[in-house]
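# Structure at a glance
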Amino acid sequence: MTTHEAGWAHAAGALAGPSWLRPPEDVNALHPLLWSGTARRADDGGVEVGGVDLRDLLAEHNSPAYVLDEADFRARARAFRDAFKDYDVFYAGKAFLCTSVARWVQEEGLNLDVCSSGELTVALRAGVDPKRIGYHGNNKTYPELRRAVHAGVGRIIVDSFQEIDRLVEIGGEQAVMIRVTAGVEAHTHEYIATAHEDQKFGFSITNGDAWQAIQKVQEAEGLTLLGLHSHIGSQIFDSSGFEVAARRVLALHHRVSEELGVTLPELDLGGGFGIAYTTQDDPSDPAQLATEMSKIVEHECRALGIPEPHLSIEPGRAIVGPSVCTVYTVGTVKQVALDGGAVRTYVSVDGGMSDNIRTALYGADYSCTIANRRSEAPPTIARVVGKHCEAGDIVVMDEFLPADVQPGDLIAVPGTGAYCRSMASNYNHALRPPIIAVRDGGTQVLLRRETEDDLLATDMG
Ligand SMILES: Cc1ncc(COP(=O)(O)O)c(C=O)c1O
Ligand SMILES: N[C@@H](CCCC[NH3+])C(=O)O
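Residues numbered from 1 in each chain as written. Chains lettered and ligands numbered in written order. Predicted model: local features only at pLDDT ≥ 70, side-chain atom pairs only at ≥ 80, totals over all residues. Heavy atoms only, no water.

## Details of the overall build of the protein
Note the cut-off: Helix and strand definitions here come from DSSP, where helices need a minimum of 4 consecutive H or I residues and strands a minimum of 2 consecutive E residues; each element is numbered from the N-terminal end. Every radius of gyration here is taken over C-alpha atoms, with the globule rule written as 2.2 Å times N^0.38, N being the number of residues. The buried label applies to any residue whose accessible area, calculated with a 1.4 Å probe on protein chains only, is under 20% of its type's maximum; exposed applies above 50%, and partly exposed to all values in between. Residues count as neighbours in contact if any of their non-hydrogen atoms are within 4.5 Å of one another. For every accessible area listed, the method is Shrake-Rupley and the probe measures 1.4 Å; residues are considered covered only by the protein chains on display. Positive charge is attributed to Lys and Arg, negative charge to Asp and Glu, and no charge count is given to His or to the chain ends. One atom stands in for each charge, and that atom is NZ of Lys, CZ of Arg, CG of Asp or CD of Glu.
Counting its regular elements, the protein contains 12 helices and 23 strands. For a compact globule of 461 residues, the expected C-alpha radius of gyration is about 23 Å, and the protein comes in at 23 Å, within 12% of that figure. Judged by the C-alpha coordinates and their principal axes, the protein covers about 70 × 50 × 40 Å. Looking at the protein residue by residue over its 461 residues, the buried ones come to 55%. Here the analysis covers contacts within the protein between residues at least 6 apart in sequence; of these, 69% occur between residues at least 24 apart. Counting only carbon and sulfur atoms, one obtains 48% of the accessible surface of the protein, whose full area is about 19,000 Å². Taken together, the 40 basic and 64 acidic charged side chains of the protein have centroids lying 2 Å from each other.

Rendered as structure tokens:
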């Protein structure tokens, strides 16, 4: 993850921003790395996605709204399926899930990873074949597990000794994988790294828990061990973490065949592939990722003298992240004079940390543009903030916007498909915005905007 850099250069009267942020040549340009495939600025200055003018979309559906480019989502899903053609690709629904998206995922030939009972409900309601569902979670309850087993989910990714006991108690036949902790420090924000020793997920390879879990599952009646599972974290660009993890997990996979005489048929390498939130990020495309990951596994299996297991991966962010932009309306603009004569432009929009917590939670960087017009005004560094009762309610930490940004302008933030709606809240009794799919000039509301009646529905007086 790129995080906001410390060390500000304050020129008299102007803010220079973080060192990587450069004034754009054209403040109206949409950088193709950051925007979904069909996004463009039309001749009259407005931004269109999926052939739909965002001004028209907001006029009909109100602001703020998440706009999901269906063609882009499907193209990214297909790109993973095609690049990883010998693998099973599980779309990680935690990034964003609703019934339409679950259907698209299945139509594009992907499987689905769910990590809660709620996600399972959405997947089943969408008609996803349960055999194509992988069920995750570090604290699956007995009723949740019983439901998953009875629904016929294809695999449960076991994450604790208690879970193994619960599955045995439930009875029946169930295929499982064992989530192991490979002990690597993934290069990402500490809250979304999941393969170092001191965290809650998986069984440690180093301390022997993974081996014990393997033995326990092997001895458990009704459970079939498909293989090991490793997920090292999220928003990762550097393949060295995957490499070290694959080496350690394959060594364990090898030990299972040597000591228990069992060749595990599968191996899951998890998700975590990074996307570009700003022009600083340089993500690999699925074809590059497939080549790199296959090479790592091939090399390791050759060194160990073992056949390659059937592989699976679980990308979430890299499929849905770039397919969505959030569109807000500017309510106020404040020029705040700072020490040293610098002035920061605060642009307040009608959403904020309730629809995108990632900036506040991880120091995530985003970019944005004015979406309702082209501007010839000089670029100035602005901070886009929300309307919540919190100083850290920042949507875009720093971006060059035209100096004439004003109330009534629309601000569109690209790259908000992953972990924005799915982590949205009702903080300050905000109403979660709708997800509106756009395609070929048409719109479809996939999730409607919440209403105040929704808020009051849980208030028992
Ligand atoms: C087990 C597992 N698989 C897949 C993912 C998806 O990760 P990402 O959205 O970064 O691809 C996650 C989230 O980090 C996860 O915990
Ligand atoms: N919520 C995190 C990713 C967590 C992935 C789930 N294991 C993010 O926004 O980056």
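This is not the end of the story, as more comes after the structure.
## A few points about unusual backbone geometry
The omega torsion across serine 63 and proline 64 is -5°, close enough to zero to call that bond cis. Relative to the helices and strands, proline 64 is located in the loop between helix 1 (54-61) and strand 6 (65-69). Look at asparagine 62: it is not a glycine, yet its phi comes out positive at around 70°. If you trace the backbone, asparagine 62 turns up in the loop between helix 1 and strand 6. Phi at aspartate 440 takes a positive value of approximately 50°, unusual for a residue other than glycine. The topology assignment puts aspartate 440 in the loop between strand 22 (435-439) and strand 23 (442-447).

## Looking at the site of ligand 2
So the rule is basically this: Any residue with a non-hydrogen atom lying within 4 Å of a molecule or strand is treated as near it. Any pair of nitrogen or oxygen atoms within 3.5 Å is treated as a polar contact; in protein, a donor-acceptor pairing is required on top of that, and neighbouring residues in sequence qualify only through side-chain atoms on both sides. Using a 1 Å grid laid over the protein atoms alone, points where a 1.4 Å probe fits but cannot get out form a cavity; open sets with protein on both sides within 12 Å along at least 5 of 7 lines form a pocket; any residue with an atom within 4 Å of a point counts as lining. For a molecule to be placed in a cavity or pocket, more than half of its atoms must lie within 2 Å of the grid points of that cavity or pocket. Here the nonpolar group is Ala, Val, Leu, Ile, Met, Phe, Trp, Tyr, Cys and Pro; Asp, Glu, Lys and Arg are the charged ones; every other residue, Gly included, is treated as polar.
All residues in the neighbourhood of ligand 2 are listed as Lys94, Ile192, Ser234, Arg317, Arg358, Tyr362, Tyr419 and Met423. Between arginine 317 and ligand 2, the recorded distance is 2.6 Å, taken from a side-chain N or O atom to an oxygen atom. In the environment of ligand 2, a nitrogen atom lies 2.8 Å from a nitrogen or oxygen atom belonging to the side chain of tyrosine 362. For ligand 2, the protein covers 84% of the area, taking 310 Å² as the surface of the free molecule. If you map ligand 2 onto the pockets, it falls in the largest pocket. Residues that form the shell around ligand 2 fall into these classes: 4 nonpolar, 1 polar and 3 charged.

## A look at the layout of surface pockets
We apply this condition: Grid points are joined across faces, edges and corners, and a volume is the space filled by probe spheres set on the points.
Its volume calculated, the largest pocket comes out at about 840 Å³. Around the largest pocket, the lining comprises 42 residues; the ones closest to its centre are Lys94, Cys115, Glu119, Phe201 and Tyr419. Of all the secondary-structure elements, those providing two or more residues to the lining of the largest pocket are helix 4 (117-125), helix 10 (317-320) and helix 11 (358-362). Among the elements that take part in the lining of the largest pocket, helix 4 stands out by supplying 3 residues, more than any other. For the second largest pocket, the lining is made up of 25 residues, of which Pro24, His31, Leu34, Thr279 and Glu399 are closest to its centre. Those elements that place two or more of their residues in the lining of the second largest pocket are strand 18 (369-370) and strand 20 (394-402). With 5 residues, strand 20 is the largest single contributor of residues to the lining of the second largest pocket.

## As for the site of ligand 1
The local shell around ligand 1 holds 14 residues, among which His231, Ser234, Glu314, Arg317 and Tyr419 are the closest. Here lysine 94 contributes a side-chain N or O atom positioned 3.5 Å from an oxygen atom of ligand 1. Between an oxygen atom of ligand 1 and a side-chain N or O atom of serine 234, the distance comes to 2.4 Å. Isolated, ligand 1 exposes 400 Å² of accessible area, and the fraction of that covered by the protein chains is 93%. Taking a 2 Å distance to the grid points as the criterion, the majority of the atoms of ligand 1 fall inside the largest pocket. Its residues assigned to classes, the shell around ligand 1 shows 3 nonpolar, 6 polar and 5 charged.

## Things to note about the confidence of the model for the protein
Applied cut-off: A residue's pLDDT is simply how confident the predictor is in it, with values from 0 to 100.
Confidence in the prediction for the protein averages 94 pLDDT; 96% of positions are at 70 or higher. For the protein, the element scoring lowest by mean pLDDT is strand 1 (residues 10-11), at 40; strand 6 scores highest, at 99. Across the assembled chains, the prediction reports ipTM 0.99 with pTM 0.95.

## Here we look at the pattern of salt bridges
Stated precisely, the cut-off is as follows: Take a side-chain nitrogen of Lys or Arg and a carboxyl oxygen of Asp or Glu: if they are within 4 Å of each other, that pair is a salt bridge.
Using the criterion set out here, one finds 26 salt bridges in the structure. Residues arginine 448 and aspartate 454 are paired through a salt bridge, measuring 2.7 Å at the closest nitrogen-oxygen approach. Among the residues examined, arginine 448 registers a relative accessible area of 49% and is labelled partly exposed. Aspartate 454 sits in the partly exposed class, given a relative accessible area of 28%.

## Side note on empty space enclosed by the protein
Scanning all chains against the criterion turns up 1 cavity of 30 Å³ or more. For the largest cavity, the calculated volume is near 70 Å³. In terms of lining, the largest cavity is formed by Ile236, Phe237, Asp238, Ser239, Phe242, Phe273, Gly274, Pro283, Ser284, Leu289 and Glu292. By residue class, the composition of the lining of the largest cavity is 6 nonpolar, 3 polar and 2 charged.

## A word on the environment of alanine 303
Inspection of the secondary structure assignment puts alanine 303 in helix 9 (residues 286-304). Put simply, alanine 303 and aspartate 453 are 150 residues apart on the chain and 61 Å apart in space, counted from C-alpha to C-alpha.

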